[in-house]
Every structure is written in C-alpha cells, then in structure tokens.
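Structural overview for review
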Amino acid sequence: MNFDTIKLTHVVVVNVFILIYLIKTVLLVANKPTSLQRFTRVFKIPEMIISVLFLATGIWMIALLGTLQTLLIVKIVIVLTSIPVAIIAFKKQNKMLAVLAFVMIIGAYGMAEMSKIPKVKASANGVVDGQDIYKNNCQNCHGAKGNLGNNGAKDLSLSSMDHNSELSIINNGKNMMPAYDKLSDAEREAVATYVETLRLK
Ligand code: HEC
C-alpha cells in the first residue's frame, strides 16, 4: 500500500458514495417509495462498506499528512454534519433535507478538489522558509531531527541523497511518502535545502 493507492481508493469510494446517495435522493424527491425501499435494501451492505472505507481512508490520509488546513477542517465538519442530516431526511422522508445533505456532500467534495497538499505561504518579506515548510508537511513522518521514521520514513539525518534526487522525491512521492507537487519550485528547493541541514556531519 502506498499513499497514492490510499488516495485513489478514497476518491473512488467517495464517488460511489455520492452516486448511491444521488440515486436515493432522486427516488425520494420523485416520490418513488417502493423503488427507494428496494434500492435501500439491496444496497444496505455495500453502502455500509463504502461509508466505512470513505471515513477510514480519509482519516488515514489526514494521519499521514499530519496537517489540517482550515479548508480541510471545514470540509470534514460539513461531511460529518451531512451524515445526521441525511439519516433524518430519509427517516422522515423529508425531500428538502435530503437535497440539503446532497448539496453539503457535493460542496465538501468540491473543496477537497481545491485543498490538495498545503501550500506554505512565503513570509512577509517574500522569503520562503524551508524549516516552516518542513514543520508543516514533513515532520509528522520524519520528525524534527529527521530520524523519527514514522510510516517507514527514511532517516534524513543519515541520508546521502543528492539534491536533485531529493527534489524529485519531494515532487513525486515514493511509497508512503506523498507527492508534494503542489509546492512551488522555490518551496521544494527551500525544504530540500533545509532537509540537508538535518544531516549528522
Ligand atoms: C507520510 C509520511 C511522510 C511524509 C509526510 C514525508 N515523507 Fe519523506 N519519506 C517517507 C518515506 C516512507 C520515505 C522512504 C521512501 C522510500 O524510499 O521507499 C521518505 C523518504 C524521503 C527522502 C529520501 C531520503 C533518502 O535518503 O532516501 C527525502 C529527502 C524526504 N523523504 C523528504 C521529505 C520532505 C522534504 C517531506 C515534506 C515536504 C517529506 N519527506 C514528507 C515518508 C514521508
């Protein structure tokens, strides 16, 4: 299992989840109670599996990335609020609530597309701070001194990787290390340079 596999699983699962929910909402809104009942019955187990995978892969990715941007927090709150709204909607056969929950889920999904890997802001004087980027994105696995080794992270204090290979692994990711292709060239450059300062001389 690598980071991209988890991410892909999450995206696929979320799409299936949205599709199932869309069909249920359409059946409810179109006044098709028998079809809705049948659909709900047939998809009960798949829907449960999908929901668990949806949350599990989401939580797993957050744990790996180790950062929660504001946008991501908003998204999680919306998703978690939409769940009880959806449950009540279908229990009470309330079309408005069902549509509301659908809009919330789609909204959160759109936000997920926007958020990606956190982009660290350059500081006031326009200087990109490698240490700051490291703290926000890398420390969770590599640790403050580079030797934490979480999630199979390589010990950066013992690394002898050349600068260009570092830039490449940061850009593309490898195994459990996510790809930081949303960082700018200057940010990747700064964090790679910072990583080299963690090496034991
Ligand atoms: C989810 C955990 C995780 C995060 C977060 C993470 N890494 Fe890694 N990193 C790894 C793993 C795992 C490897 C080993 C990959 C392999 O070779 O299989 C690795 C390897 C590396 C290497 C190569 C070291 C060597 O000598 O082979 C560098 C450099 C590196 N990471 C830098 C970073 C930087 C910079 C960041 C933040 C922008 C970062 N990592 C964030 C898990 C992580």
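Residues numbered from 1 in each chain as written. Predicted model: local features only at pLDDT ≥ 70, side-chain atom pairs only at ≥ 80, totals over all residues. Heavy atoms only, no water.

**Here we look at the domain arrangement of the protein chain**
In plain terms, the rule: Either an automatic procedure or a domain database provided the assignment from which the domain bounds are taken. In this description, contact between two residues means that some pair of their heavy atoms is separated by no more than 4.5 Å. Summed over both partners, the accessible area lost on bringing two parts together, with a 1.4 Å probe, is the buried area. Polar contact criterion, stated in full: a pair of N or O atoms within 3.5 Å, where within protein one must be able to donate a hydrogen and the other to accept it, and residues adjacent in sequence count only if both atoms are side-chain atoms. The numbering of helices and of strands both runs from the N terminus, where a helix is a DSSP run of H or I of at least 4 residues and a strand a run of E of at least 2. Residues are grouped as follows: Ala, Val, Leu, Ile, Met, Phe, Trp, Tyr, Cys and Pro are nonpolar; Asp, Glu, Lys and Arg are charged; all remaining types, including Gly, are polar.
Taken domain by domain, the protein chain holds domain 1 (3–115) and domain 2 (130–197). The centre of domain 1, based on its C-alpha atoms, is set 33 Å off from the matching centre of domain 2. Domain 1 puts eight residues into the contact, and the matching count from domain 2 is ten residues. For the pair domain 1 and domain 2, the summed buried surface comes to about 680 Å²; carbon and sulfur atoms form 56% of the total. For the domain 1 face of the interface with domain 2, the top three residues by lost area are Phe3, Leu64 and Leu65, together amounting to 66%. Where domain 1 packs against domain 2, one counts three residue pairs in polar contact (both at pLDDT 80 or more). Where the side of domain 1 that touches domain 2 is concerned, the elements lending two or more residues are α1 (3–29) and α3 (44–65). Looking at side-chain class alone, the side of domain 1 that touches domain 2 contains six nonpolar, two polar and no charged residues.

**Quick look at the packing of α1 against helix α4 (residues 70–91)**
Quick note on the threshold: Only the contacting stretch of a helix is used when fitting its axis, a line to C-alpha atoms as for every element, and angles between N-to-C directions run 0 to 180 degrees. Take the far helix as the reference: if the near one is turned anticlockwise from it by less than a right angle, the crossing is left-handed, and if turned clockwise, right-handed.
Two numbers describe how α1 lies on α4: the axes approach to 11 Å, and their chain directions differ by 35 degrees. Judged by the sense of rotation from one axis to the other, the crossing of α1 with α4 is left-handed. Listed contacts from α4 to Tyr21, Lys24, Thr25 and Leu28 of α1 are Ala86, Ala89 and Phe90. Classifying every residue of the contact of α1 with α4 gives five nonpolar, one polar and one charged.

**Re the nonpolar core**
Our working definition: We call a set of buried residues a nonpolar core when its members are Ala, Val, Leu, Ile, Met, Phe, Trp, Tyr or Cys and they connect through side-chain atoms within 4.5 Å of each other. The buried label applies to any residue whose accessible area, calculated with a 1.4 Å probe on protein chains only, is under 20% of its type's maximum; exposed applies above 50%, and partly exposed to all values in between.
Counting 22 residues, the largest nonpolar core has Tyr21, Phe54, Phe90 and Ala98 as the members making the most contacts within it. In terms of residue count, α1 provides more of this core than any other element does, eight residues in total. Ala98 has contacts with Tyr21, Thr25, Leu28, Ala89 and Phe90, leaving out every residue within four places of it along the chain. Listed in part, the 19 residues of the second largest apolar core include Ile6, Leu64, Leu167 and Ala192.

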